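# Understanding the architecture of this molecule
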Amino acid sequence: MNKNTQCVHGGSGGAIEVTGINTPVYTSTAYHYLDSDKQPYPRYFNTPNQDVVVAKLCALEQTEAGLLFGSGMAAISTTLFSLLSSGDHVVLQDQLYGGTFNLVMKEFERLGIRYTLAASDADSIVAAVRDDTRVIYLESPTNPLLTVVDLRSIATMAKRRGMVTVVDNTFASPINQNPSLLGIDLVIHSGTKYLAGHSDLSCGAVLGSQALVDRIRALALNFGGCLNAQDAALLERSLKTLALRVERQTHNAAALAEFLGSLDAVSAVYYPGLPSHPSHSIARSQMNGYGAMLGFELADDAIDSLRFQRNLKLIAPVLSLGGVESSICAPAITSHRHLSPAQRADMGVRDGLLRLSVGIEDVADLQGDILQALEQ
Ligand SMILES: Cc1ncc(COP(=O)(O)O)c(C=O)c1O
């Protein structure tokens, strides 16, 4: 071999015995295809690192198959466009993640996909179903008021009428809720949140039956929103601590919900684990834990919620959620800023509402941080 050839081939090609407990990172985007049934390629969603993570997520969500994407929105858009064609009708909740809402507003109208936005109770969703409805798309618990949707009864109705049900399970994570066990067909995650859990990785997933996932894969390889090997390996590592993290976060959130409820400076707390939350009984019947997201309102209009956030020393005012570090944001100026004040008021999203993503810190330190920021 000459130098140029050595640069490419020198030292490589030998079989490497792998005995380590971690999956090697297969950085290859090219795989031998002769004498092999499988032809891995990142955009075919079938490389070793993608497969390992999908298998783990399937075990966690109790599904047959799945696909990994480069973001939650890639998973959502690819799934919806693979299930819906021009002229079809879809029922969606009116309390959706802002990016999903934007997708519906901008792209569905342009492409002639019809839709109805319904309130989050099962009766409103069933009432919005028409003869041409193909899909019901839900989020539970919702952002930011943590409304829990009765997934079991919607799934039962949808099965009877031949519709596909999809649930964005990002807020609950597979630790606190498994929609497929309630009869839901497809489960979506923004893996950027709890699955990855360290605020350093963008990814998404859809999980369900082999037949539905194959249907989504057919479009996914045209859209091309796949996850690369390094990020898949990072996600695999993150998933090993998912239950530990989410159980601790959920425990902390329950403690903080009670603590916030006991403060004179707080007028309302939204957490499905509280018996006072309107969704408490549905949450108790379908969730394994009440989650680590909560909302609260400051009682006194004189308390400037922006100043309150600036005064926090541990809880970070950031846009994302689900990380090991606690974070906070005001939906009125972030996720719900595109709505008018009247629309926000209709949805119950007041200007002073704050959304807290509870991390794994010691809960006493989080309580102390809230108290010192209120005092200031
Ligand atoms: C509930 C929910 N679904 C989907 C998404 C979109 O995920 P990504 O930002 O990974 O595309 C988000 C992001 O905030 C979310 O909160």
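Residues numbered from 1 in each chain as written. Predicted model: local features only at pLDDT ≥ 70, side-chain atom pairs only at ≥ 80, totals over all residues. Heavy atoms only, no water.

### Focus: helix 6 (residues 151–160)
Listing the buried residues of helix 6 in full gives Leu151, Ile154, Ala155, Met157 and Ala158. Buried residues of helix 6 fall within an arc of 165 degrees about the axis and therefore sit on the same side. Close packing links the buried residues of helix 6 with helix 5 (122–127), strand 4 (133–139), strand 5 (164–168) and helix 11 (280–286). One or two positions beyond helix 6, positive phi appears at Gly162, with a value near 75 degrees. (Buried < 20%, exposed > 50% of the residue type's maximum accessible area, 1.4 Å probe, protein only. Helix = DSSP H or I, 4+ residues; strand = E, 2+ residues; numbered from the N terminus. Arc of directions from axis to C-beta. Contact = heavy atoms within 4.5 Å.)

### Re the nonpolar core
Nonpolar side chains tend toward joint burial in soluble globular proteins. Within the largest apolar cluster, 50 residues are counted, with the highest numbers of intra-cluster contacts made by Leu235, Leu260, Leu294, Phe296, Phe308 and Ile370. Looking at this core, the elements that each hand over two or more residues are helix 2 (48–61), strand 7 (204–208), helix 9 (229–239), helix 10 (242–261), strand 8 (266–270), strand 9 (293–298), strand 12 (353–357) and helix 14 (363–375). Sorting elements by how many residues they give to this core places helix 10 first, with 7 residues. Mapping this core onto the domain boundaries places at least three of its residues in each of domain 1 (42–239) and domain 2 (242–375). (Core = buried A, V, L, I, M, F, W, Y, C linked by side-chain atoms within 4.5 Å. Domains from an automatic or database assignment.)

### Digging into the domain arrangement of the protein
Domain boundaries in the protein define domain 1 (42–239) and domain 2 (242–375). Using C-alpha coordinates to define each centre, domain 1 is positioned 24 Å away from domain 2. Both sides together, the interface formed by domain 1 and domain 2 hides about 2,900 Å², and carbon and sulfur atoms give 60% of it. Of all residues in domain 1, Leu145, Asn176 and Tyr194 bury the most surface against domain 2, accounting for 25% of the area lost on that side. (Buried area = accessible area lost by both parts, 1.4 Å probe.)

### Let's talk about the sheet that holds strand 2 (residues 89–93)
Pairing between the strands of a sheet is mediated by backbone hydrogen bonds and can be parallel or antiparallel. Read across the open sheet, the 7 strands follow the order 1-7-6-5-4-2-3; overall the sheet is mixed. The open sheet has two free edges, formed respectively by strand 1 (65–69) and strand 3 (114–118), since each of these has just one partner strand. For this sheet the average axis-to-axis angle between neighbouring strands, irrespective of direction, equals 20 degrees. Contacts from helix 2 reach strand 1, strand 6 (186–190) and strand 7, with the element oriented near 125 degrees to strand 1. Each of strand 1, strand 5, strand 6 and strand 7 is contacted by helix 8 (residues 210–223), which is oriented at about 30 degrees to strand 1, the strand it contacts most. (Pairing = 2+ DSSP bridges. Axes fitted to C-alpha atoms, helices over the stretch in contact; angles between N-to-C directions.)

### Description of the layout of surface pockets
Approximately 580 Å³ is the volume found for the largest pocket. Lining the largest pocket are 29 residues; nearest its centre among them are Tyr97, Gly98, Gly99, Asn143 and Ser335. Broken down by element, the residue count for the lining of the largest pocket peaks at 4 residues, all from helix 4 (residues 98–111). Partitioned by chemical class, the residues of the lining of the largest pocket number 9 nonpolar, 15 polar and 5 charged. A domain-level breakdown of the lining of the largest pocket finds at least three residues from each of domain 1 (42–239) and domain 2 (242–375). (1 Å grid on protein atoms, 1.4 Å probe; cavity = no way out; pocket = protein on both sides within 12 Å on 5 of 7 lines; lining within 4 Å. Points joined across faces, edges and corners; volume = space filled by probe spheres on them. Nonpolar A, V, L, I, M, F, W, Y, C, P; charged D, E, K, R; others polar.)

### As for the site of the ligand
Around the ligand sit 13 residues in total, of which Gly72, Met73, Asp168, Thr192 and Lys193 are the nearest. Measuring from an oxygen atom of the ligand, one finds a side-chain N or O atom of Lys193 at 2.8 Å. When the free accessible area of the ligand is taken as 390 Å², the share hidden by the protein chains comes to 88%. Here the ligand is seated within the largest pocket. For the shell around the ligand, the per-class residue count stands at 5 nonpolar, 5 polar and 3 charged. (Near = heavy atom within 4 Å. Polar contact = N/O pair within 3.5 Å; in protein donor to acceptor, adjacent residues only side chain to side chain. Areas by Shrake-Rupley, 256 points an atom, 1.4 Å probe, with all protein chains shown as cover. Sits in = over half its atoms within 2 Å of the grid points.)

### A word on the pattern of salt bridges
Per the counting criterion, the structure on display carries 9 salt bridges. The closest approach of N and O atoms between Arg114 and Asp132, which form a salt bridge, is 3.8 Å. With a gap of 18 residues between them, Arg114 in strand 3 and Asp132 in the loop between helix 5 and strand 4 connect regions that are remote in the sequence. Here Arg114 falls in the partly exposed class, since its relative accessible area comes to 43%. (Salt bridge = Lys/Arg side-chain N within 4 Å of Asp/Glu carboxyl O.)

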